[in-house]
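Letter by letter, the chains look like this.
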Amino acid sequence: MIPPTKFFNAHHSPVGAFASFTLGAKGPSGGMAQMVGRPPNHNVYVGIQKGPSPKAGAPGWKFQALPFYATEGDDIMANYTGSVEGLPTTSCLQQFHSDEISREYDLTTDAWKAGDLEFTVISPVKSIPEYKGDATPLRDVILPAVFAELTIDNSQSDEPRRAIFGVHNLSDSRNISPVHHLGEESSGEGLVGIASGRETALVACAYTDEVRSAGGFTIDHIFAPKNNTEDNWRFGLGQCALLVFEVPARTKRCYPIALCFYAQGVVTTGLEASFLYTELWKDIHDVAKYAVDNHSTLIQSWRTPDQAEIFARKEKLTPEQKFQFIHAIHSYFGSTELLVRNKEAVWVVNEGEYRMMNTCDLMLDHAFFECVLNPWVVRNILDLFYVRYSYIDEVVRPGSSETFPGGLSFCHDMGMGNAFTPKGTSSYECVKLDDCFSFMTSEELTNWVLTAAVYLNFTRDSVWAEKNLQVFKDCFTSLLNRDSPTEDGYSGLVQLESSRTKGGAEITTYDALDTALAQTRRSAYIGSKTWACYLVLEKIFSTHGLSAEAALACAQAERAADTIVKAFNDETSLLPSLIDDPKSPTIIPVVEGLIYPFVAGRKDALDLNGKFAKYLAVLKKHCEAALTKGICVFDDNGWKLSAGSINSWLSKIYLNQYVVYNILGVSEDGRDASDKAHVGWLTDGENGYWAWSDQMYGGIPKGSLYYPRGVTAILWVEPEAQGYAIVEA
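The rules behind these values
- Residues numbered from 1 in each chain as written.
- Predicted model: local features only at pLDDT ≥ 70, side-chain atom pairs only at ≥ 80, totals over all residues.
- Heavy atoms only, no water.
- Helix = DSSP H or I, 4+ residues; strand = E, 2+ residues; numbered from the N terminus.
- Rg over C-alpha atoms; globule rule 2.2 N^0.38 Å.
- Buried < 20%, exposed > 50% of the residue type's maximum accessible area, 1.4 Å probe, protein only.
- Contact = heavy atoms within 4.5 Å.
- Areas by Shrake-Rupley, 256 points an atom, 1.4 Å probe, with all protein chains shown as cover.
- Lys, Arg positive; Asp, Glu negative; His and termini not counted.
- Charge placed at Lys NZ, Arg CZ, Asp CG, Glu CD.
- Salt bridge = Lys/Arg side-chain N within 4 Å of Asp/Glu carboxyl O.
- Core = buried A, V, L, I, M, F, W, Y, C linked by side-chain atoms within 4.5 Å.

1. Things to note about the overall build of the protein
Then, in step 1: From N to C terminus, the protein includes 19 helices and 27 strands.
Then, in step 2: Relative to the compact-globule value of 27 Å for 729 residues, the protein shows a C-alpha radius of gyration of 27 Å, a close match.
Then, in step 3: The C-alpha extent of the protein, read off along each of the three principal axes, is 90 × 55 × 50 Å.
Then, in step 4: In the protein, buried positions account for 63% of the 729 residues.
Then, in step 5: Considering only contacts within the protein whose residues lie at least 6 apart along the sequence, 70% involve residues at least 24 apart.
Then, in step 6: Surface summary for the protein: the accessible area is close to 25,300 Å², and the carbon and sulfur share equals 48%.
Then, in step 7: Charged side chains in the protein number 62 positive and 89 negative. The centres of these two groups are separated by 1 Å.

Rendered as structure tokens:
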């Protein structure tokens, strides 16, 4: 499915390379980049000769090209000559009209067609074998490259015909690596391609006798009449890098191309680590050679995702759902980073434009997807959080300085921009605040417990469960202590603040919203997650013969449900977001916690006629009343997570949609209109520049841009189909 506009950016990324070839929005908005949090804004040239042969220098010829470039404003040549004289005055490019262009966008391919030109990008959706000191089994999954196929139909012509593919980095050439041609260095011998420094390269994989590399100040400089000779294409001062294809007469040719990335040596601070792929390839030439030598096998393999039977279920989604599902997965891989340190793997998912590393909130939302492809990376993150990014705190009552035992919790993140923070700290959390950038102590505690429970239910990893049994007990104690210092004060919710705030107040992952969702204390949203924590902990404790802990966990789950039910307003059929404030804004995520028992082996708790029947009935009534315009639905039919804010997160909408429709059984009337609105949030106007984005202000991406979190949409293809075993506690 392609939305009303076909011109939106999409990530095309290697697995675990924190790199992307971004393409799709008009103008200089795409290109190749590594370890950045936005599209690189390069000119990307994909074109085919129109008119007489440019070889002859005949007037009137052009390259007709897809519209991923701008032609004006590049006079870098004048920095050398001191004059604009001699600069090309006409462009060798002519854009295809939008109506001439079609696009087919899928999970592993993004195919464009215009006239006699087809251009397809192929990127992997693959399971990563667990690294155990030897990277060889991972070779064909973590190759830091994506492939493209440029197909030119010259079958109706008696003359050869040129085509081009290339990238022009519009940054000041004095600040970036120079362009150089492959095939001349000993390590790149035999390659036909062009590279930018040691970081990126474009390489022809076949028919190399018909391909030449070309460099220059601009594309017009390269093909200006006095420069339009292959001898001058070796020019090395500019930042325009092209592959030029000479398509024989009466031939239709498909040219495979490798788009390669490389980052050498240690790339992080705090914890020094390198990309795992550096154990397999020593430089960009080595990557390029492997990609060329194995392109046929890799392209064929990458066209089909691993776990194909699960991803095939996307065909049962509506076109709008299918588009969002595909688009989110593309963006997720653009933020992934597989590192190695002391022969141990370190998995990082960067937080899109923010580049915070393994944000604990996102860890839980990503776990649904990662347990499908790579469950070991979930364990990898959980372990690093416990070993390095956990802490012990105390708790206080609001407005009081008296402290009580708190317990174990976890940092918001592990660092930012490849800089790991010191042990027990994050890049985000600050003291004496009660809004954005405060501590998320209680919610991160629930996030670790719930992520661990999802992992265990998916993998049945009894060894890891046994190893971490004391950690689960410590988390349980910490949850209890955040409820009340004494059992007679237990509510099942979080009622105290972490001492780490130093007089501030804890917040939630909804940090940029009103207090309806941002406040932790006595929050119905956080209450749904503590309810879920107690349920999964009950199961873990029962499995390991800890009957007293299991009984208390069960009682706490019942208390949490009862506390929330008592706050229900029978007249409005709505729950307040904050239990003690009947006038607090209505929110949708009061139901969010229901997803966790569903995917962590406690589906029994979701029986509409079972132990929690009253709680579930109240939540269903709440959703039916809230999902109306004027409350939690925007005028364009998109979902409004809080009635008190125009700020909404698509990743959380996806998750809550599954709960509302598939667990609570609310009628899906109006869903199609909502899904169409959400597609518009991602693609309308300038929205599409940022690929998949999360945080929407009235339907406009304003934060959490270029983001990985949308893979919560994996829930739409049914958790039970993914291997989440549904077992009784």
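2. As for the pattern of salt bridges
Then, in step 1: According to the stated counting rule, one finds 27 salt bridges in the structure shown.
Then, in step 2: When the shortest N-O distance is used, the salt bridge between Asp365 and Lys652 registers 3.1 Å. Residue Asp365 is located in helix H8 (residues 360-373), and its partner Lys652 is located in helix H18 (residues 650-663); the two are separated by 287 residues in the primary sequence.
Then, in step 3: One salt bridge in this structure joins Glu592 and Lys652, with 2.7 Å as the shortest N-O distance. Of this pair, Glu592 sits in the loop between helix H15 (547-566) and helix H16 (595-599) while Lys652 sits in helix H18, placing them 60 residues apart in sequence. Taken individually, Glu592 and Lys652 each receive the classification buried, so the pair is uniform in this respect.

3. Some words on the nonpolar core
Then, in step 1: Formed by 224 residues in total, the largest nonpolar core has its most connected members in Phe21, Phe119, Phe165, Trp448 and Trp531.
Then, in step 2: Counting residues per element, this core draws most heavily on helix H14 (residues 524-543), at 12 residues.
Then, in step 3: Residues Trp61, Tyr69, Cys240 and Val244 belong to the second largest nonpolar core, which totals 16 residues.

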